[in-house]
Amino acid sequence: MVHTDGTAGDDKAPDPVQENLRLVRQGQDYFSGKLGELSDADFDADSALDGWSRRDVVAHVGLNARALGNLTRWAATGVETLMYNSPTRRNEDITRYAKLPVEELRTLSTDAAAELDAGWRDLEPDAWSHEVRSAQGRQIPVSLTVWMRAREVWIHAVDLGNGAQFSDFPAEFVDRLLTDVLGEWDRRRGSEPVPSVVLRPIDRDARITSGDPAGADTLSGSAADLAAWATGRGAAGVTADSAEVPPAPRWL
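Residues numbered from 1 in each chain as written. Predicted model: local features only at pLDDT ≥ 70, side-chain atom pairs only at ≥ 80, totals over all residues. Heavy atoms only, no water.

K.L.:
Before we go on, may I ask you to explain the pattern of salt bridges in this structure?
P.N.:
Oppositely charged side chains are able to pair whenever their charged atoms sit close together. One pass over the full model with this rule turns up 21 salt bridges. We note a salt bridge from Arg106 to Asp40, for which the minimum N-O separation is 3.1 Å. Here Arg106, found in helix α4 (residues 102-122), pairs with Asp40, found in the loop between α1 (15-36) and α2 (54-77); they are 66 residues apart in sequence, far enough to count as distant. On the basis of relative accessible area, Arg106 is assigned to the buried category, the value being 17%. (Salt bridge = Lys/Arg side-chain N within 4 Å of Asp/Glu carboxyl O. Helix = DSSP H or I, 4+ residues; strand = E, 2+ residues; numbered from the N terminus. Buried < 20%, exposed > 50% of the residue type's maximum accessible area, 1.4 Å probe, protein only.)

K.L.:
In this structure, what is going on with the packing of α1 against helix α6 (residues 171-188)? I would like to understand it.
P.N.:
Each pair of packed helices can be described by the angle between their axes along with the distance between the axes. Axis separation between α1 and α6 bottoms out at 11 Å; the angle between their running directions is 110°. Classified by the angle between their axes, α1 and α6 sit roughly perpendicular to one another. For the element pair α1 and α6, the recorded crossing hand is left-handed. Across from Glu19, Asn20, Arg22 and Leu23 in α1, the residues of α6 making contact are Glu172, Phe173 and Arg176. (Axes fitted to C-alpha atoms, helices over the stretch in contact; angles between N-to-C directions. Parallel < 35°, antiparallel > 145°, perpendicular 65-115°, else oblique. Left-handed = near helix turned anticlockwise from the far one by under 90°. Contact = heavy atoms within 4.5 Å.)

K.L.:
Got a minute to help me understand the packing of α2 against helix α3 (residues 87-97) in this structure?
P.N.:
Packing of α2 against α3 brings their axes to within 8 Å, and their N-to-C directions diverge by 125°. With respect to each other, α2 and α3 are oriented oblique. Crossing geometry of α2 relative to α3 is assigned as right-handed. Taking contact as the criterion, the partners of Asp56, Ala59, His60, Leu63 and Arg66 in α2 are, on α3, Arg90, Asp93, Ile94 and Tyr97.

K.L.:
Looking at this structure, how should I read the environment of Leu49?
P.N.:
Within the secondary structure, Leu49 sits in the loop between α1 and α2. In this structure, the C-alpha to C-alpha distance between Leu49 and Ala112, residues 63 residues apart in sequence, is 22 Å. Residues contacting Leu49, with those up to four places away along its chain left out, are Val57, His156, Asp159 and Arg233.

K.L.:
What should I look at first to understand the pairing of strand β3 (residues 197-201) in this one?
P.N.:
Consecutive side chains along a regular strand alternate between the two faces of the sheet. Summarising burial for β3: 4 of the 5 residues are buried, a large majority. In this sheet, strand β4 (residues 208-210) lies alongside β3 in antiparallel orientation, the contact comprising 3 bridges. Opposite Leu199, over in β4, you have Ile208 as the bridge partner. The antiparallel hairpin formed by β3 and β4 contains 6 residues in its connecting segment. Direction of pairing for β3 relative to strand β5 (residues 217-221): parallel, over a ladder of 5 bridges. Note that in β5 the partner of Val198 across the bridge is Thr218. (Pairing = 2+ DSSP bridges.)

K.L.:
Even after reading the chapter, I still don't get the sheet that holds β3, so can you show me in this structure?
P.N.:
Sheets are built from strands paired through backbone hydrogen bonds, the pairs being either parallel or antiparallel. If you walk across this open sheet you meet the 4 strands as β4-β3-β5-β6, and the pairing is mixed. Two strands lie at the open edges of the sheet, namely β4 and β6 (239-240), each paired on one side alone. Pairing of β5 with β6 involves 2 bridges; the strand directions are antiparallel. Considered in β6, the bridge of Ser220 is made with Thr239. Along the sheet, α6 contacts β3 and β4; its crossing angle with β4, the most-contacted strand, is approximately 20°. Along the sheet face, helix α7 (residues 223-230) touches β3 and β5 and points at about 150° away from the line of β3.

K.L.:
Any chance you could explain the nonpolar core here in plain terms?
P.N.:
Among soluble globular proteins, nonpolar side chains are generally buried collectively. Counting residues in each nonpolar core, the largest one holds 71 residues, and the members touching the most others are Phe166, Leu177 and Trp185. For this core, the secondary-structure elements that each account for two or more residues are α1, α2, α3, α4, α5 (144-159), α6, β3 and α7. Looking at which element gives the most residues to this core, the answer is α2, with 11 residues. Among all residues touching Phe166, those that are not within four sequence positions of it are Ile155, Val158, Val174, Leu177, Ala224, Ala227, Ala228, Thr231 and Arg233. (Core = buried A, V, L, I, M, F, W, Y, C linked by side-chain atoms within 4.5 Å.)

Okay, here's the thing in structure tokens:
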């Protein structure tokens, strides 16, 4: 998938979407590069996600592209097309596709990403604001699917467990990711217990706060290390002011 410099169809998309399209294409190239480093035998090893092999990660990322393609078609046609038939079916499909021969898994990763990109490229300008429904049941503009995919390819490249790191990510992606995660914590705070936290990136000028800063845990580290912590990918490089680094609240 060679799209890091954009495509002619991007001028149909609103400016913020064009930036996210660039991040997706960079992230897909990064994910594909890490995937290409794996031998066929490497697919059977554990990933960095508990309970998942690398096969599971690759299957999930490929099927995620297809699922977001469903939402893109919904926006384009007006015909309701859900991401997944059900959470149970989603998990069953990941398990089933993870058992495919390695070459078929590699093809799934490449082809599903290319099909999704083509769907975005063909969206008419007014369709980008059409509302669809996420896997969590939230009404969202289809433009948000681009950011959702960017998260998938960058973060799951790390989950392959063969050397990808959050410090490799573009700074603008890391900053957006931190804002996204903390915003999700704020959104859920009224319905479930979510601790307040203050993040102090040592390579940024501003602190980032979720909840009430009075008495909140203050965590320090590079923005990339804080993003890894916030998304549940470990606390390496992160320190807390007065205690051990706590586990991050649930994100998604």
